[in-house]
Amino acid sequence: MNLQFPDLTPVMPELFMTALALILLCTELLVKKKGILAALSILGVVVVAYTLIGSSGTTFGGMFVSDGYSTFFKVIFFVNAILSVLISIKYIAIERVNFGEYYSLILISTLGMMIMASAADLIVLYLGLELMALSTYVLAGFIRYDIKSNEAALKYFLLGAFSSAFLLYGISMIYGLTGTTDIKSIALYISEKGLTENPALSLSMILFAVAFGFKIAAVPFHMWAPDAYEGAPTSITAFMSVGPKAAGFAVLGRVFMIAFASIKLEWVAVFIPLSILSMAVGNIVAIAQTNIKRMLAYSSIAHAGYALLGIIAANNEGLASMMSYLMIYAFMNIGAFAVVIMLRSEDFKGDSISDYEGLSRAHPLLAALMLIFMFSLTGIPPTAGFMAKLYVFMSAINAGYTWLVVVAVVFAVISAYFYLRIIMYMYMREPKVEVSLSTSPSLGLALGVTTVAVLAIGVFPLYLVELARAAISGF
Amino acid sequence: MNNLPYPILSTIIFLPVIGVLVLLIISRSQETLLKWVALIFAVATFLLSLPLFINFDKSTFKMQFVERHDWIPAWNIKYYLGVDGISVFLVLLTTLSTVLCVLISWHAIKIKVKEFYIAILLTCGAIAGVFCSLDFILFYIFWEAMLIPMYLIIGVWGGPNRIYATIKFILYTLVGSVLLLVGIIFLYLYGGTSDILELMERTYPYTMQLWLFWAFFAAFAIKVPMFPVHTWLPDAHTEAPTAGSVILAAILIKMGAYGFLRFSLPFFPEATKSMVPAMLTLSVIAIIYAGLVCLAQKDLKRLIAYSSVSHMGFITMGIFALNSQGIEGGILQMINHGVVTGALFMCVGIIYDRTHSRQIADHQGLSIPMPVFAAFAMVFTLAAIGLPGTNGFIGEFLTILGGFTANKLVGVLAATGVIIGAGYMLWLYQRLFFMRIHEKVVGLPDMDLREIVTLTPLLILVFWIGVYPVPFLDFMHPSVQHLLERVNVAGGMQEMNIARTLMEVIR
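Each chain carries its own residue numbering, running from 1 in the direction its sequence is written. Chains carry letters from A onward and ligands carry numbers from 1 onward, assigned in written order. Residues qualify for local features only when their pLDDT is at least 70, as the model is predicted, and side-chain atom pairs are given and counted only at 80 or more; totals for whole chains, interfaces and linings, by contrast, use all residues.

### Comments concerning the overall build of chain A
Next, step 1: A count of helical and extended segments in chain A gives 19 helices and two strands.
Next, step 2: The globule rule used here is 2.2 Å times the number of residues to the 0.38 power, and the radius of gyration it is set against is calculated over C-alpha atoms. Its C-alpha atoms give chain A a radius of gyration of 21 Å, within 12% of the compact-globule value 23 Å for 475 residues.
Next, step 3: Dimensions along the principal axes, computed over C-alpha positions, put chain A at roughly 70 × 55 × 40 Å.
Next, step 4: The buried share of chain A, taken over its 475 residues, is 61%.
Next, step 5: Once local pairs closer than 6 in sequence are excluded, the contacts in chain A between residues at least 24 apart make up 81%. Secondary structure elements follow DSSP: runs of H or I of four or more residues count as helices, runs of E of two or more count as strands, with numbering from the N terminus. We call a residue exposed when 12 or fewer other C-beta atoms sit within 10 Å of its C-beta, buried when the count reaches 20 or more, and partly exposed for counts in between; the C-beta positions come from the backbone. Think of it this way: build a C-beta for each residue from its backbone, and any pair within 7 Å is a contact.

### Considering the overall build of chain B
Next, step 1: From N to C terminus, chain B includes 21 helices and two strands.
Next, step 2: Since a compact globule built from 507 residues should have a radius of gyration of about 23 Å, the 22 Å found for chain B is in line with a globular shape.
Next, step 3: Dimensions of chain B along its principal axes, counting C-alpha atoms only, are 85 × 55 × 40 Å.
Next, step 4: Contacts in chain B between residues far apart in sequence, at least 24 positions, make up 81% of those at least 6 positions apart.

### Quick look at the interface of chain B and chain A
Next, step 1: Contact with chain B, which involves 26 residues of that partner, is made by 25 residues of chain A.
Next, step 2: Of the residues forming the side of chain B that touches chain A, the biggest block, 13 residues, is contributed by helix α8 (residues 162–191) of chain B.
Next, step 3: Ten residues, namely Ala, Val, Leu, Ile, Met, Phe, Trp, Tyr, Cys and Pro, are considered nonpolar, four, namely Asp, Glu, Lys and Arg, are considered charged, and the remaining ones, Gly among them, are considered polar. Class assignment of the residues belonging to the side of chain B that touches chain A gives a composition of 23 nonpolar, one polar and two charged.

### Digging into the nonpolar core
Next, step 1: Joining buried Ala, Val, Leu, Ile, Met, Phe, Trp, Tyr and Cys residues through C-beta atoms within 7 Å gives a set, and that set is a nonpolar core. Counting 397 residues, the largest nonpolar core has Ile87(A), Met116(A), Leu326(A) and Met370(A) as the members making the most contacts within it.
Next, step 2: Sorting elements by how many residues they give to this core places helix α13 (residues 316–343) of chain A first, with 21 residues.
Next, step 3: Two domains each put at least three residues into this core: domain 1 (1–266) and domain 2 (268–507) of chain B.
Next, step 4: When residues no more than four places from it in sequence are discounted, the contact partners of Met370(A) are Ala336(A), Val339(A), Ile422(A) and Met426(A). Each domain span listed reflects an automatic or database assignment of domains.

### Examining the domain arrangement of chain B
Residues and elements named next belong to chain B.
Next, step 1: Looking at the assigned domains, one finds that chain B contains domain 1 (1–266) and domain 2 (268–507).
Next, step 2: Centre-to-centre, using C-alpha coordinates, domain 1 lies 20 Å away from domain 2.
Next, step 3: On the side of domain 2, 50 residues touch domain 1, which itself brings 50 residues to the contact.
Next, step 4: For the side of domain 1 that touches domain 2, the secondary structure elements donating two or more residues are α4 (88–104), α10 (206–223), α11 (232–239), α12 (242–252) and α13 (254–267).
Next, step 5: Here the side of domain 1 that touches domain 2 gets nine residues from one element, more than from any other, and that element is α4.
Next, step 6: For the side of domain 1 that touches domain 2, the residue count by class is 34 nonpolar, 13 polar and three charged.

### Comments concerning the environment of Phe345(B)
Residues and elements named next belong to chain B.
Next, step 1: Mapping Phe 345 onto the fold places it in helix α16 (residues 324–355).
Next, step 2: Here Phe 345 falls in the buried class, since 29 other C-beta atoms lie within 10 Å of it.
Next, step 3: Expressed as a C-alpha distance, the spacing of Phe 345 and Ser 245, which sit 100 residues apart in the sequence, is 6.5 Å.

### Focus on helix α2 (residues 34–51) of chain A
Residues and elements named next belong to chain A.
Next, step 1: When the terminal C-alpha atoms of α2 are compared, their 26 Å separation across 18 residues agrees well with the 26 Å that a helix rising 1.5 Å per residue should span.
Next, step 2: Along α2, the residues classified as buried are Leu 37, Ala 38, Ser 41, Ile 42, Gly 44, Val 45, Val 48 and Ala 49. Down the axis, α2 shows its buried residues gathered within 160° of arc, on one side only. Along α2, exposed side chains directed more than 90 degrees from the buried face belong to Leu 43, Val 46 and Tyr 50.
Next, step 3: Lining the buried residues of α2 we find α1 (12–30), α3 (68–94) and α4 (101–118). The span expected for a helix works out to 1.5 Å for each residue beyond the first. It is the directions from the helix axis to the C-beta atoms that the arc portrays.

### Topic: unusual backbone geometry
With glycine set apart, most residues show a phi of negative sign, and most peptide bonds adopt trans.
Next, step 1: Of the consecutive residues Pro381(A) and Pro382(A), the connecting peptide bond is found in the cis state with omega at 5°.
Next, step 2: Structurally, Pro382(A) is set in the loop between α15 (364–378) and α16 (384–398).
Next, step 3: In this model, Phe227(B) is joined to Pro228(B) through a cis peptide bond whose omega is 0°.
Next, step 4: Unusually for a residue other than glycine, Ala314(A) sits at a positive phi of about 55°.
Next, step 5: Here Ala314(A) shows up in the loop between α12 (292–313) and α13.
Next, step 6: Look at Lys112(B): it is not a glycine, yet its phi comes out positive at around 45°.

### As for the pairing of strand β1 (residues 64–72) of chain B
All names here are of chain B.
Next, step 1: Across six bridges, β1 lies against strand β2 (residues 77–83) in antiparallel orientation. Following the sheet pairing, His 69 is matched in β2 by Tyr 79.
Next, step 2: Hairpin remark: β1 followed by β2, antiparallel, with four residues in the connecting loop; positive phi at Asn 76, about 60°. Two strands make a pair as long as DSSP finds a minimum of two bridges between them.

### A word on the packing of α8(B) against α10(B)
Residues and elements named next belong to chain B.
Next, step 1: Comment: axis = line fitted to C-alpha atoms, over the contacting stretch for helices; angle = value between 0 and 180 degrees taken between N-to-C directions. Running from N to C, α8 and α10 cross one another at 150°; their axes reach a closest spacing of 8 Å. When the axes of α8 and α10 are compared, the crossing they make is left-handed. Across the interface between the two elements, Tyr 172, Thr 173, Val 175, Gly 176, Ser 177, Leu 179, Leu 180, Val 182, Gly 183, Phe 186 and Leu 187 of α8 pack against Leu 212, Ala 215, Phe 216, Ala 218, Ala 219, Ile 222 and Lys 223 of α10. With the far helix as reference, a near helix turned anticlockwise by less than a right angle produces a left-handed crossing, and one turned clockwise produces a right-handed crossing.

### Some points on the environment of Phe216(B)
Residue and element names in this part refer to chain B.
Next, step 1: Note that Phe 216 resides in helix α10.
Next, step 2: A C-alpha to C-alpha distance of 28 Å links Phe 216 and Phe 397, two positions 181 residues apart in sequence.
Next, step 3: If near-sequence neighbours (up to four positions away) are discounted, Phe 216 is found in contact with Leu 180, Gly 183, Gly 259, Phe 263 and Ser 264.

### With respect to helix α1 (residues 8–25) of chain B
All names here are of chain B.
Next, step 1: An ideal rise of 1.5 Å per residue puts 26 Å on 18 residues; α1 measures up with 26 Å between its terminal C-alpha atoms.
Next, step 2: Restricting attention to buried positions, one finds in α1 the residues Ile 8, Leu 9, Ile 12, Ile 13, Leu 15, Pro 16, Gly 19, Val 20 and Leu 23.
Next, step 3: Taken together, the buried residues of α1 touch α2 (31–49), α3 (51–54), β1, β2, α4 and α5 (113–132).

### Focus: the confidence of the model for chain B
Residues and elements named next belong to chain B.
Next, step 1: One confidence number per residue, pLDDT, is output by the predictor and ranges from 0 to 100. For chain B, per-residue confidence averages 87 on the pLDDT scale, and residues scoring 70 or more make up 96% of the total.
Next, step 2: Predicted confidence in chain B is weakest over helix α21 (residues 470–506), with a mean pLDDT of 66, and strongest over helix α6 (residues 136–145), with 92.
Next, step 3: In this model, residues 490–500 is a region of pLDDT below 50 whose contacts with residues beyond four sequence positions or in other chains number eight contacts.
Next, step 4: Interface confidence for the predicted complex, expressed as ipTM, amounts to 0.90; the pTM equals 0.92.

### Quick word on the packing of α3(A) against helix α10 (residues 234–259) of chain A
Residues and elements named next belong to chain A.
Next, step 1: Here α3 crosses α10 at 170°, and the two axes come no closer than 8 Å. Looking at the two axes, α3 sits roughly antiparallel to α10. Contacts from Phe 73, Ile 76, Phe 77, Asn 80, Ser 84, Ile 87, Ser 88, Tyr 91 and Ile 92 in α3 reach Thr 234, Ser 235, Ala 238, Phe 239, Val 242, Gly 243, Ala 246 and Ala 250 in α10.
Next, step 2: Here the contact of α3 with α10 is built from residues that sort into eleven nonpolar, six polar and no charged. An angle below 35 degrees is treated as roughly parallel, one above 145 as roughly antiparallel, one from 65 to 115 as roughly perpendicular, and anything else as oblique.

### Points about the environment of Pro471(B)
Next, step 1: Examined against the element boundaries, Pro471(B) turns out to sit in helix α21.
Next, step 2: As a C-alpha pair, Pro471(B) and Ala42(B) span 429 residues in sequence and 26 Å in three-dimensional space.

Dropping the structure here:
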């Protein structure tokens, strides 16, 4: 047997990330101040991000690929991890769950996402997905004494396991059909043997769509999201509303655009109703919420619907628009959650929408920042949210789905109602309770970064667009 | 091209934004300083915008004071600004209104002063951007960005029912805007550019024109507002603070009419032509129906709001008459309406600051304690009616002439609107100023210097345009001629094409 040592350059970031997570676990035993762990993890992620440069290539016999597409998503994951850590430091102390494992778990979950983005093989994909999901389940239930947090973790776990089963079923079916789990070989086999008419192929495609639909929280696979988002620690809600969703989109793009390229019309027909339902249910049900975390959960469902438009366009431009959308969503959503976290103090929950009444009177700056995030989530210029929507709409119309975009914009108007209601509460009502903020430098930094990003991308989107296009060029 | 030492249009748009940045660093307790800074920036913007009037080349329809830079090269979207005879006055009206809005709010705004002036400056900057943009995406960004501060102006500083009014305003406007966005993206992808002038040169298939006409119509008709989507305006006007009402009346609703002129007519000439009967009907309904509604109002601001709907009916009638009198009258009437209705809302604001009531019945006999104010209000009332010698006469006369040329019945019906207008305005004046003095208004102070300074520029404009409108019309001639050529030539092309197809069929 000729054993060859695999080329490790493409997996360098993943190796560093693993090492970082393990080092953090060990340091946790030695240091008393947990702030050091947070600083260490942010520093570590920056180092890992640095190793992305020059990591491109394929390794492990083509099972693992590091290309522009995966790199772009990894940047989203790093942004997500860093911002989540920044907003966590004070928050987990307030929640009295200031344990070092917290940061390791965030990093391990991020590692799982990175592996997903780079997976060129369905087995690797599954590995990454489970690594990400299992650590996120733990994080969702991190507030052990809180029954809601437990409920969140359990629901997330049960439905997550359910979706993993679907994924495995889909993988085994496609393996039975083509005899391979390599994404490129699957596509090749299908086109060579003319399997496009085979019902088993369609069935496995649908199973994949269901599994990924769970991960991106698209309707009708969204049932876990509101409960999990509401119960989980707020910092983790921010983390999992961006990271796992982006990772889900990453694998969705790769598997469907490559492996199922020959049955494009079929899967587009599957995703169109998913997208419409997500926008409809997400935006309409959000109106009825009284808890801001639940509201943002439904908003996150709706945003999955918008990002799906990029997938439905089913071309490179569509993928680039979907990627830009997720990057922008990371900034504006974590920004909004940072505001939510700031309202949480020792004896005040601060997650009810009515807690925002009159916020602009006592805390004008915070209210102004929330205003920016809410308008950005609605998609009103000159914020980044508008550019995100503009790009996916452009790619969808270019692919011939003008009617779908008309549906999407109508739901965008409906979404304005509940986003602007937050602004209305902050600016146009009198305060009922006195809200004291739990500020910290790290939270301030997170808010500063997200605000600047939301406004800068809103006015100068060209760098992001060019980046996404360059990332997709070798796809 | 721009031969000024500074990029004038960018200055008009972004000087208020710089003002906002300055306001941001001033402590909110220093209210006087905040007001003065806002005023200085507003006045500076106005003064710097005057070269638009002085240096404007009246002999050409081409865009002037053009600025063009790459903005998002990946999408071929440019930062492209310019004005022509259609938009130049709207820009000037915007900068003037900014100054007046700051002045009129001096004592009226007592809470969140800092945020208020920030919102005013942002709104006016964004609206100026709408009138200057020559790139579709840029246009849309300004068009929507204006909503953010306007939402706050009505919602935070408005009357008792302000939250209902502001949500209604924003949802109505958004519905139209997003359809406009779909239309814009469609045009952009079809033409491969978002350059408005370049896209204007092309001809589009008739079915596409029809679809896009209605998509654009949704946005513009709601903004104007045309019957039957006008119901947000009375609520927004009534609840908004004085400055908000002035912005709404003077410039914001002009964005809709401007949209028709800049986009709907030249882009979709055939669709426009086939929709003329519908548009004229809606305009006439707005003129008469809103006029009649005015007669039944007990609330001062609501009455003037409905009169706005009626006056905007004249403007859309003029525009869709598709002849030079109608369109020039429409543009002139846009300015007139901005001046006169803006002034009337300021008059209401002056009363409201003193009595904190908007009921007409509470203010009988105002001319006794406030004679100077009564004189000012008289002029604006007469201008709103369209008395010869005031600006309202010229505009209304031209639009009705245009309407008459297009369709006799339309002209006749619109003329009855003038009579109704005279009815409700004179009756309003009588009820406010002449009847037995109401106890609430006894001993009210007359206008102070600030209020006189605020209203005087508008008074001058009323008579200037009213007595000698030629210089104003001169600005418009080439642009309007060019626009009409575009509409008619394209129509001719269509007929020629049909003829050619017929010939081929016969062969």
